[in-house]
Each structure stands twice: as C-alpha cells, then as structure tokens.
Amino acid sequence: MTGASLKWHSYFLLALAAPQPRMGQRGEKRTLLKVKVFYHDRCFDGASSAALFSRFYRERIRNDVAFAYSGLLHRAGSLFNDADFDGDENVIVDFKYSSSPKITWWFDHHESAFLTPSDAAHFEQDQSNRKFYDPAFRSCTSFIATIAEQRFGFNPDPVRDLVHWTDIIDGALYPDARTAVEMKEPAMQLTMVIESTQDSGFLPRLIPCLASESLADVVRRPFVASLLPPLRERHLQSIDILRARIEAKDGTLFFDITDQELEGYNKFVPYYLHPESIYSVGLSKSSFRVKVAVGSNPWAPTPPRVNLARLCERYGGGGHARVGAISFNVKESARAHAAAQEIVEELRASVRTASP
Ligand SMILES: [Mn+2]
C-alpha cells in the first residue's frame with residue numbers, strides 16, 4: 001500500500017468510526033426532516049399513493065426531507081401503533097383515519113375510512129388543510145394528484161400514467177375478466193408482485209421508483225423482474241386450485257383456500273372462471289390473519305345491489321361498495337368461517353329475491 005492510499009484508507013476508516021461527523025454527507029443527512037409515509041400495504045394503489053405523495057411533497061412543500069415508508073395492513077384488533085408515528089411529519093395514504101395528533105397528513109377514498117364515529121368527528125373538525133377524504137375517487141393516487149394540483153399547484157403530468165393505471169386497477173376498469181387475469185400490462189404485473197410480497201423491504205424500495213420512472217422501466221428492474229416468473233407460475237396454479245374449490249350457487253361464489261399459501265391471489269380469477277356470477281366470498285389465511293374477501297363481479301350480467309363495505313363493517317371489516325374484506329385473528333378461524341357462511345347466505349338470498 002502506498003503512503004497516499006494508506007492515508008486515504010485511514011481517513012476513510014476514521015470518517016466511518018467518527019460518532020458525530022459535523023460535515024459531509026453523513027452530517028447533512030441528520031438535518032433532513034423525516035417524513036414517514038404509512039400506506040395501504042400489499043396494494044398497488046397504496047404503494048402508488050405513497051409514491052405520488054412523496055413526489056408532491058418534495059416538489060411543493062419542501063425538498064430537504066428524507067422519506068421513510070411503512071406499510072399498514074388490516075388486521076384484527078388495533079390498526080395503529082402510536083409509537084410508530086416517529087417522523088417529523090407522519091402521513092397516512094389509502095388507509096383508515098387515525099386521530100393521533102402525530103398524524104399531519106391523511107388521504108383516503110375508502111367508504112369505510114373511519115374506525116369509530118369519534119374518528120369521523122375528529123376529521124370533521126380538522127382545520128389543517130392537510131387531511132382529505134373523498135370516497136368518490138376510484139383510486140387514492142388519483143385523489144392525491146387532484147388535491148395536489150388544485151390546492152398546492154402540483155404538476156401531475158409526469159405521473160399521469162401511474163394515476164391512469166391505479167384508477168383502472170383499484171376501480172377494476174378492465175374490459176373483461178380475461179384481461180384482468182392475463183396480466184400483460186406492466187401495472188398488472190406490478191400489482192401481482194405488490195399483492196404477494198412477504199418481504200417488508202420490497203415496497204420501501206419500489207415506492208421511490210414508482211414516483212420517478214415509467215411502469216415499464218420499473219418492472220424491468222432486476223429486483224422486480226426476478227420475482228415475476230415464479231409468481232406467474234403460482235398464479236396459474238391458483239387458477240387450478242380455485243377452479244376446483246369454488247362452489248357456485250345463486251350468482252354467489254364461495255371458496256375456502258385457508259389450507260393453501262395463496263393470500264394475494266388475483267381477485268378476478270373467480271369471475272374469469274364463473275362469468276355468470278355476481279358476488280364472491282373467499283376465505284384465505286396468512287401468518288397473521290384469516291381474511292374473508294367479499295367482492296362483486298365487475299362484468300356481472302346484472303349489477304350487484306348489496307353495499308359490501310356496509311356488509312363487511314357489520315363484522316368489523318370494511319372497504320368499498322363493490323369490494324370489501326374482514327380480517328380475523330388466526331386464532332379466530334371458526335368465527336371467520338361462520339361469518340363467511342352467513343355472508344354467503346345473505347348474498348345468495350339477495351340474488352334469489354332480485355331475480356324473478
Ligand atoms: Mn385504494
């Protein structure tokens with residue numbers, strides 16, 4: 001080793017070991033404001049909302065910030081842990097309202113946005129102009145883009161494609177079930193990866209890409225592209241499993257796949273297999289919840305009449321008018337099965353009454 005390189009090497013080690021560097025990149029980082037963004041986890045709209053919010057915040061609020069991303073999932077019991085709200089700003093997008101004073105921004109478009117009437121009242125009284133709710137929007141991403149443009153002068157042109165695809169995916173605006181199941185578009189491939197990921201580091205890595213690159217470029221990134229072939233294989237297997245499991249009666253499909261590792265299956269497969277159906281009720285299981293997914297067929301021959309958000313709220317769940325879910329603790333599997341059966345009976349009865 002030459003003297004010069006030794007010197008450089010020692011300096012480098014010193015710099016690494018120094019407990020409180022006052023200059024240089026490490027020192028500057030600590031002065032950045034920490035903006036922690038909580039988003040609906042394992043959801044294309046949730047991840048896109050976090051991406052769009054970050055871009056808007058950086059461009060229109062302030063730039064000297066470091067973003068941290070944390071996913072939120074519906075589960076039995078309390079949804080939030082107040083100690084996690086440890087940013088200088090704490091932001092929730094595409095997820096339920098929290099009345100914690102640490103939350104400084106909130107955007108949501110779910111019909112079931114408030115856990116309690118007191119949360120709704122808390123939101124009504126909010127004067128901050130930083131909390132926004134509109135269930136008329138198909139996606140939370142398009143909602144954030146609209147508010148950011150109208151109220152904060154944000155330019156949504158660079159993210160038009162992201163907004164377009166979140167509306168299609170969250171609003172189930174595919175022309176038919178086959179398109180929804182074939183997953184040819186980059187946005188749909190991303191949805192498959194996002195909905196099935198078990199890696200807590202994946203979405204925090206993906207979100208900054210969604211804010212700054214085309215969707216085609218994002219799916220070509222090696223850390224995304226490498227996940228696709230096994231997921232495509234699993235998707236094809238899931239079609240076979242669902243074909244075997246679905247019980248179709250009175251326009252309502254029921255299936256129980258709690259014995260399979262299939263949470264994150266493409267939710268349009270049941271309608272692809274049964275185009276005549278109106279509703280579907282599926283039971284699935286992961287390490288932390290048993291989920292009752294209640295959906296309606298976007299291409300149904302007759303439109304659904306039951307509000308599924310309201311139906312799921314009766315069991316402690318929620319969602320949108322046309323798709324909802326209830327999460328049970330894994331130890332409450334029997335309650336989940338009973339709820340699913342009751343919901344199936346109620347939906348089948350409503351279809352029987354509606355048809356002559
Ligand atoms: Mn959403």
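Located above this text is the structure these notes cover.
Residues numbered from 1 in each chain as written. Predicted model: local features only at pLDDT ≥ 70, side-chain atom pairs only at ≥ 80, totals over all residues.

Draft legend 1. View of the overall build of the protein. Of regular secondary structure, the protein possesses 15 helices and eleven strands. Here the protein has a C-alpha radius of gyration of 23 Å; the compact-globule value for 356 residues is 21 Å, and the two agree. Each of the three principal axes of the protein carries a C-alpha extent, and together these read 90 × 50 × 45 Å. The proportion of buried residues among the 356 residues of the protein is 40%. Taking all contacts inside the protein whose residues are at least 6 apart in sequence as the whole, residues at least 24 apart take part in 66%. (Helix = DSSP H or I, 4+ residues; strand = E, 2+ residues; numbered from the N terminus. Rg over C-alpha atoms; globule rule 2.2 N^0.38 Å. Buried ≥ 20, exposed ≤ 12 C-beta atoms within 10 Å, placed from the backbone. Contact = placed C-beta atoms within 7 Å.)

Draft legend 2. Focus on the environment of D64. Tracing the backbone through its elements, the reader meets D64 in the loop between α3 (44-60) and β2 (65-72). Overall, the presence of 9 C-beta atoms within 10 Å leaves D64 in the exposed class. When the C-alpha positions of D64 and L33 are compared, they lie 6.5 Å apart, and in sequence the two are 31 residues distant. If we skip the residues at most four places from it in the chain, D64 touches L32 and L33.

Draft legend 3. Broad picture of the pairing of strand β8 (residues 279-285). Of all seven residues in β8, seven are buried, a share of seventy percent or more. Burial along β8 is two-sided: the residues Y279, V281, L283 and K285 and S280, G282 and S284 are all buried. Taken together, the five bridges between strand β7 (residues 252-256) and β8 define a ladder with parallel strand orientation. Bridge pairing links F255 to G282 in β8. (Pairing = 2+ DSSP bridges.)

Draft legend 4. Seen up close, unusual backbone geometry. Even without being glycine, D94 reaches a positive phi, approximately 60°. By the secondary structure assignment, D94 is in the loop between β3 (89-93) and β4 (103-108). Within the chain, A172 stands out as a residue other than glycine whose phi angle is a positive 50°. Locating A172 in the fold gives a position in the loop between α6 (160-170) and α7 (177-182).

Draft legend 5. The arrangement of the pairing of strand β1 (residues 33-40) in detail. Across the eight residues of β1, six count as buried, placing the element largely inside the fold. Sheet topology note: the β1/β2 ladder contains eight bridges and is parallel. Note that in β2 the partner of Y39 across the bridge is G71. In this sheet, β3 lies alongside β1 in parallel orientation, the contact comprising five bridges. Looking at β3, one finds that K36 is bridged to N90.

Note that every value here comes from positions in space, so none of it alone points to a role or purpose.
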